[in-house]
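Examination of the molecular architecture
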Amino acid sequence: MTLKDKYDTEVAVSNNQDKHQFEVSYPEDAVTAGFAAYLDKGDSWIFYHTVVGDEFGGKGLASILVSEALKATKEAGLTVVPVCPFVKGFVEKNAFEGYRKPNHEDMELVKSQM
């Protein structure tokens, strides 16, 4: 399936496992427009930070990025733990199944990364 932004321009989402983040990019220009960072807890991925560059705002990229990241997480048999406010809102708004609320241990792990 080809992903397209609100202006019908092709975008791609990939999992950069070395950086522990999903990235949204414009393949035609090889430009990364944003990322959703996660921490790997073995059975779950804690999504704690999502960023799309200001110059790419208003194109729907954050929603595409998070949707694809959550889909990939679920397909990998892992649980989504939404700490990032955007991811948390996306999960709730879209009735996403396959997530759990963050616990104290999750929050401490996120704090240790910042």
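Computed from a prediction, not measured in an experiment: that's the story for all the values here.

**With respect to the packing of helix H1 (residues 61-75) against helix H2 (residues 85-93)**
Orientation of H1 relative to H2, taken along the N-to-C sense of each, is 70°, at an axis distance of 10 Å. The pairing of H1 with H2 is recorded here as roughly perpendicular in orientation. Each of Ala62, Ser63, Val66, Ser67 and Leu70 in H1 lies in contact with H2, whose residues at this interface are Phe86, Val87, Phe90 and Val91. Here the contact of H1 with H2 is composed, by residue class, of seven nonpolar, two polar and no charged.

**Concerning the packing of aromatic side chains**
The relation between two aromatic rings is expressed through the spacing of the ring centres and the mutual angle of the planes. Scanning the model with the defined rule gives six aromatic pairs in all. Pairing Tyr38 with Trp45 gives two aromatic rings, centres 4.4 Å apart and planes at 25°, and the pair type is stacked. Plain terms: the ring middles of Tyr38 and Phe47 are 5.7 Å apart, the flat faces sit at 50° to each other, and that makes the pair tilted. Considered together, Tyr38 and Phe47 belong to a single accessibility category, that of buried residues. A network of ring pairs unites the aromatic residues Phe22, Tyr38, Trp45 and Phe47 as a single cluster. A cation sits over an aromatic face here: Lys74 above Phe96, 5.5 Å from the ring centre.

**Digging into unusual backbone geometry**
One non-glycine residue, His20, adopts positive backbone phi at about 55°. Assignment of secondary structure puts His20 in the loop between strand E2 (10-16) and strand E3 (21-26). Even without being a glycine, Ala95 presents a positive backbone phi close to 50°. Tracing the backbone through its elements, the reader meets Ala95 in the loop between H2 and helix H3 (104-113). Judged by relative accessible area, Ala95 falls into the exposed class, the value being 62%.

How each quantity is defined
Residues numbered from 1 in each chain as written. Predicted model: local features only at pLDDT ≥ 70, side-chain atom pairs only at ≥ 80, totals over all residues. Heavy atoms only, no water. Axes fitted to C-alpha atoms, helices over the stretch in contact; angles between N-to-C directions. Helix = DSSP H or I, 4+ residues; strand = E, 2+ residues; numbered from the N terminus. Parallel < 35°, antiparallel > 145°, perpendicular 65-115°, else oblique. Contact = heavy atoms within 4.5 Å. Nonpolar A, V, L, I, M, F, W, Y, C, P; charged D, E, K, R; others polar. Phe/Tyr/Trp six-rings, centres within 6.5 Å; stacked < 30°, edge-to-face > 60°. Buried < 20%, exposed > 50% of the residue type's maximum accessible area, 1.4 Å probe, protein only. Lys NZ or Arg CZ within 6 Å of the ring centre and 35° of its normal.

By themselves, these observations are geometric and do not establish any function.
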